Amino acid sequence: MTGVWAVLVAAGRGERFGADRPKAFAKLGGRPLLAEPLERLEASEWIEAVVVVAPPDWEEPVILLAEELGAGKVTACVTGGDRRADSVRRGLAEVPEDAAVVLVHDAARPLLPAEVVERVVAALGDGWDGAVPALPVPDTLKRAGTDGAVTETVERENLYAAQTPQAFVGSKLREAMADERANASDCAGVVEAAGGRVCVVEGDRRLVKVTTAADLELVELLLSGDR
Ligand code: CTP
Ligand code: MG
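This report concerns the structure included in the present document.

Analysis parameters
Residues numbered from 1 in each chain as written. Chains lettered and ligands numbered in written order. Predicted model: local features only at pLDDT ≥ 70, side-chain atom pairs only at ≥ 80, totals over all residues. Heavy atoms only, no water. Pairing = 2+ DSSP bridges. Helix = DSSP H or I, 4+ residues; strand = E, 2+ residues; numbered from the N terminus. Near = heavy atom within 4 Å. Polar contact = N/O pair within 3.5 Å; in protein donor to acceptor, adjacent residues only side chain to side chain. Areas by Shrake-Rupley, 256 points an atom, 1.4 Å probe, with all protein chains shown as cover. Nonpolar A, V, L, I, M, F, W, Y, C, P; charged D, E, K, R; others polar. Core = buried A, V, L, I, M, F, W, Y, C linked by side-chain atoms within 4.5 Å. Buried < 20%, exposed > 50% of the residue type's maximum accessible area, 1.4 Å probe, protein only. Contact = heavy atoms within 4.5 Å. Phe/Tyr/Trp six-rings, centres within 6.5 Å; stacked < 30°, edge-to-face > 60°.

## Describing the pairing of strand β11 (residues 166–169)
Okay, step 1: Here four bridges tie strand β6 (residues 99–106) to β11, and the two strands are oriented antiparallel to one another. Residue pairing for β11: Val101 is matched across the bridge by Val169.
Okay, step 2: As paired elements, strand β7 (residues 130–136) and β11 share two bridges and run antiparallel to each other. Paired with Gly130 across the two strands is Phe168, which belongs to β11.

## Section: the site of ligand 1
Okay, step 1: Around ligand 1 sit 18 residues in total, of which Gly14, Glu15, Arg16, Ser87 and Lys209 are the nearest.
Okay, step 2: Within the side chain of Lys209, a nitrogen or oxygen atom sits 2.7 Å from an oxygen atom of ligand 1.
Okay, step 3: Considered on its own, ligand 1 offers 560 Å² of accessible surface; in the complex 86% of this is hidden by protein.
Okay, step 4: Here the shell around ligand 1 is built from residues that sort into five nonpolar, four polar and nine charged.

## Quick look at the nonpolar core
Okay, step 1: By size, the foremost hydrophobic cluster in this structure holds 33 residues, and its most contacted members are Leu34, Leu41, Ile47, Val50 and Leu103.
Okay, step 2: Looking at this core, the elements that each hand over two or more residues are β1 (2–9), α1 (35–43), β4 (49–54), α2 (59–68), β6, α4 (114–125) and β12 (198–202).
Okay, step 3: Ranked by the residues each element gives to this core, the list is headed by α4, at six residues.
Okay, step 4: When neighbours within four sequence positions are excluded, Leu34 is seen to be in contact with Leu8, Ala10, Ala24, Phe25, Val52, Val62, Leu65 and Ala107.
Okay, step 5: By size, the runner-up hydrophobic cluster in this structure holds 26 residues, among which are Ala99, Phe168, Met177 and Val190.

## Observations concerning the environment of Gly127
Okay, step 1: Mapped onto the secondary structure, Gly127 falls in the loop between α4 and β7.
Okay, step 2: For the pair Gly127 and Cys187, spaced 60 residues apart in the sequence, the C-alpha separation amounts to 18 Å.

## Considering the environment of Leu64
Okay, step 1: Looking at the element boundaries, Leu64 is found in helix α2.
Okay, step 2: The spacing of Leu64 and Leu223 is 159 residues in sequence and 23 Å in space, taken between C-alpha atoms.

## Examining the side chain of Thr164
Okay, step 1: Position of Thr164 relative to the elements: it lies in the loop between β10 (160–162) and β11.
Okay, step 2: By relative accessible area, Thr164 is classed as buried at 3%.
Okay, step 3: Polar contacts involving the side chain of Thr164 include one to the side chain of His105, which spans 2.7 Å.
Okay, step 4: Among all residues touching Thr164, those that are not within four sequence positions of it are Arg84, Val104, His105, Asp106, Arg109, Pro133 and Leu207.

## Let's talk about the packing of aromatic side chains
Okay, step 1: Counted under the stated rule, the structure contains one aromatic pair.
Okay, step 2: Each ring, one from Phe25 and one from Trp58, has its centre 4.7 Å from the other, and the planes form 35°; the classification is tilted. In this pair, Phe25 sits in the loop between β1 and β2 (27–28) while Trp58 sits in the loop between β4 and α2, placing the two residues 33 residues apart along the sequence.
Okay, step 3: By relative accessible area, which is 25% here, Trp58 ends up partly exposed.

Any functional reading would require information that these geometric values do not contain.
Here's what the structure looks like:
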């Protein structure tokens, strides 16, 4: 058995972000955004190897960036697919069958705190098939139609907003993702649907996802406070 392998998914187009390049190459602190999570995975004592899933035609810049950063744990760089789940599947194909644990992380969440990696991996030691960092939802949620009419009110009790990195028993993630139809927006959803036992662990506010340009500004601010 080998240890913990990370799959860093960076292959999205970043349509809501709306730049002239994939979101993973937007500038954060003067560097491509991808540099931040890559460096942090590289530095994590829990991570043995990293597979980066790159946007089509951006494989070369990803490899160059990893070299520049001295990210020696980067073992493979593969081209992503149309949907996030497809990209995860392609990354997973580069992870050895006997990897005990696979950690999947969004490059779009650049500010990865070391302790979150520890928390999700440690939860697997407690017997869970998967672990998700999550934050309690502070607001009551409303479901509404396109006309604005509220159709449902969801009390916030027991509700969490899921983040990444998500850690899984390698074999469980592989089995769940083997079904090509599995297309949840997060891997935990796929493992849950396959009957896996997934838990939430304490997430972190710094793990905000860069979706729009405004999110990037927030991450810039958090980054300057983080250093
Ligand atoms: N991702 C991926 N392959 C895809 C879609 C998404 O690897 N086909 C990755 C993104 O690069 C990102 C993470 O999954 O790190 C979360 O996706 P999201 O924030 O939705 O990013 P994008 O899909 O790039 O953005 P958008 O949906 O606005 O196009
Ligand atoms: Mg997307």
